[in-house]
Amino acid sequence: NALNRIWDIVSLIKNSEVVGSITDSGKGRKRDTRVYNCVSAFDIEVSKIPTGDTLGTGEAEYRSIMYIWQFSVEGEITVYGRTWAEFLEFFETLDSLLDYKLVVYVHNLSYEFSFIHGIYPFKNEDIFFINVRKPLYFKMFNHLEFRCSYRLFNMNLQKVMEVEEVPEQYQKTE
């Protein structure tokens, strides 16, 4: 269970540097840009299953389902869950223990968003779209901001690994 590691994760995050500040944005409003300076990432794995014959054509219609989600902090702690209920419980708990924004990178965020938008009640101001169904980022709860690393790097994950000189043991082998 991912919640078993929550205190280890929070400790790792809170021991990282906090960058940013609180600034006056005018008209008496304050803007808080403080964020934990640590690397965190999220990913889901999905499978497609046939749901039946479509309109008697003999061709199966498919539906994608998430069968595992993973969250990693600083490459040191990785937790996973199997259900969307576990996902929501984990991130809601994590968020409640944070004081500042945590940026969570997702490579190809629009794909994960296509699943998450059906289980989390986003407000319009929580999402910044660069195109229809292509969010650059979205915010959940009070302190979590998921950002699209594919859009930020403008290259596929394998190329990012090469450019950033990520050690081979951390690279995907398939």
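See the structure shown above.
Residues numbered from 1 in each chain as written. Predicted model: local features only at pLDDT ≥ 70, side-chain atom pairs only at ≥ 80, totals over all residues. Heavy atoms only, no water.

### What about the pairing of strand β10 (residues 134-140)?
Alright, step 1. When strand β9 (residues 127-131) meets β10, the two strands line up antiparallel, connected through four bridges. Within β10, the residue paired with Phe-128 across the bridge is Tyr-137.
Alright, step 2. Counting the residues between successive antiparallel strands, the hairpin from β9 to β10 contains two residues, one of them, Arg-133, with a positive phi of roughly 60°. (Pairing = 2+ DSSP bridges. Helix = DSSP H or I, 4+ residues; strand = E, 2+ residues; numbered from the N terminus.)

### So, the pattern of salt bridges
Alright, step 1. Within the structure shown, the criterion is met by five salt bridges.
Alright, step 2. For Glu-145, the salt bridge is made with Lys-101, and the minimal N-O distance between the two is 3.2 Å. Pair noted here: Glu-145 is in strand β11 (residues 144-148) and Lys-101 is in the loop between α2 (84-96) and β8 (102-106), with a separation of 44 residues, a long-range link.
Alright, step 3. Overall, Glu-145 belongs to the buried group, its relative accessible area being 4%.
Alright, step 4. Judged by its relative accessible area of 26%, Lys-101 falls in the partly exposed class. (Salt bridge = Lys/Arg side-chain N within 4 Å of Asp/Glu carboxyl O. Buried < 20%, exposed > 50% of the residue type's maximum accessible area, 1.4 Å probe, protein only.)

### What to know about the nonpolar core
Alright, step 1. Counting 38 residues, the largest nonpolar core has Trp-69, Phe-71 and Leu-94 as the members making the most contacts within it.
Alright, step 2. Excluding its chain neighbours within four sequence positions, the residues that come into contact with Phe-71 are Ile-9, Ser-40, Ala-41, Ile-77, Thr-78, Val-79, Phe-90, Phe-91, Leu-94, Leu-102 and Val-104. (Core = buried A, V, L, I, M, F, W, Y, C linked by side-chain atoms within 4.5 Å. Contact = heavy atoms within 4.5 Å.)

### Side note on the state of the cysteines
Put plainly, a disulfide is one covalent bond tying together the sulfur atoms of two cysteines.
Alright, step 1. Counted under the stated rule, the structure contains zero disulfides.
Alright, step 2. For Cys-38, which is in no disulfide, the shortest distance to another cysteine sulfur is to Cys-148 and amounts to 19 Å.
Alright, step 3. On the basis of relative accessible area, Cys-38 is assigned to the buried category, the value being 8%. (Disulfide = S-S within 2.5 Å.)

Take it as geometry only, folks, not as evidence of what the structure does.
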